[in-house]
Amino acid sequence: MSVLFLGDVVGRPGRKALAEQARNLRRDLELDVLMANVENASGGIGLNAKAARELLALPLDVLTGGNHTWKHKDVFPVFQEAPRLLRPANYPAGAPGTGLRVFETAGGVPYAVLNLLGRTYMDAVDCPFQTARTLLDSLPADVAVRIVDFHAEATSEKKGMAYFLDGRVSAVLGTHTHVQTNDARILPGGTAALTDVGMCGPVHSVIGMDAQGIVNRFLTRLPVRFEVAKGPARLEGALCAIDESTGRALSIRPWQGGLS
């Protein structure tokens, strides 16, 4: 199974690049699964209903969330309506939607996607490690392919999760920091891991935002309105090959797409 998981889609530039390239990516990379984290798709922070429906109209199999998932309240009903849209599973009970779902490729192969939110330097949510253990135990044994989007700040927490789930999932792919890391690896138990898959957004920016505004904030420590940067956007993610019968990862590499 060939899987491309794209990092945080940032604002209109990220959405535009994804819309322009998604169909060709599926064809050129011969993808079975194309996924993206979309929690920053609206104005660089959060996901509103309009952007959610725009992204759901693209040839994406799964869309995941993170700590800004609830920024725009009008998206709440969309989580109830759209099975392909996930939010972190370790939000407390009562949050709209779900963080774990089993999907099926066009060839009929089942695969599970689990979305988790870290707690180090992040929101006070339920334990992602305990949540992962409980939810993975609930999956049918014949769902061998299991992909985790771990939306977290600390590299130590991300690496810890990868080793915690080694041998129990096919891949643990980190999101949130918007900076693609160079530590793609397959752990001893057969789980692929990458600390951060990067972002889909403006190239000339500070994690997707206009660079001058960020610099001014660092210089003055005064409140500054952050705006999504303009200019060309690039897609970044992780490209994985997974054995459909065992769920073990065969390969993983950081991936970057063309500019839009």
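What comes next concerns the included structure. Counting restarts for each chain, with residues numbered from 1 along the sequence as it is written. Local features in this predicted model are restricted to residues of pLDDT 70 or higher, and side-chain atom pairs are both shown and tallied only at a pLDDT of 80 or more, whereas totals for entire chains, interfaces and linings draw on every residue. Only hydrogens and water are set aside; all other atoms, that is, all heavy atoms of the structure, feed into the side-chain values.

**Section: the overall build of the chain**
Basically, it comes down to this: A run of H or I in DSSP becomes a helix once it reaches four residues, and a run of E becomes a strand once it reaches two; helices and strands are each numbered from the N terminus. To get the radius of gyration, use the C-alpha atoms; to get the globule rule, take the number of residues to the power 0.38 and multiply by 2.2 Å. Only protein chains enter the accessibility calculation, which uses a 1.4 Å probe; a residue whose area is less than 20% of its type maximum is buried, one above 50% is exposed, and one in between is partly exposed. Whether two residues are in contact is decided by their heavy atoms, any of which lying within 4.5 Å being enough.
Secondary structure assignment for the chain yields 6 helices and 13 strands. The C-alpha atoms of the chain give a radius of gyration of 17 Å, which matches the 18 Å a tight globule of 260 residues would have. Over its C-alpha atoms, taken along the principal directions, the chain stretches across nearly 55 × 40 × 35 Å. When the 260 residues of the chain are sorted by exposure, 55% land in the buried category. Sequence separation of at least 24 residues holds for 64% of the intrachain contacts in the chain that already meet a minimum separation of 6.

**Quick look at the nonpolar core**
Note the cut-off: Take the buried Ala, Val, Leu, Ile, Met, Phe, Trp, Tyr and Cys residues and link them wherever side-chain atoms come within 4.5 Å; each set so joined is a nonpolar core.
With 31 residues, the main nonpolar core has L6, L18, V38 and L47 as its most contacted residues. For this core, the secondary structure elements donating two or more residues are β1 (2-6), α1 (11-28), β3 (33-37), α2 (49-56), α3 (76-81) and β12 (233-242). Looking at this core element by element, the count peaks at 5 residues for α2. Apart from residues lying up to four places away in sequence, L18 is in contact with L6, V9, A36, L55, L58, L60 and L235. L86, F103, I147 and I252 belong to the second largest nonpolar core, which has 23 residues in total.

**Side note on the environment of L25**
Here L25 shows up in helix α1. With 21 residues separating them in the primary sequence, L25 and G46 have C-alpha atoms 25 Å apart. Ignoring any residue separated from it by four or fewer positions in sequence, one finds L25 in contact with L4, E30, L31, L235 and W255.

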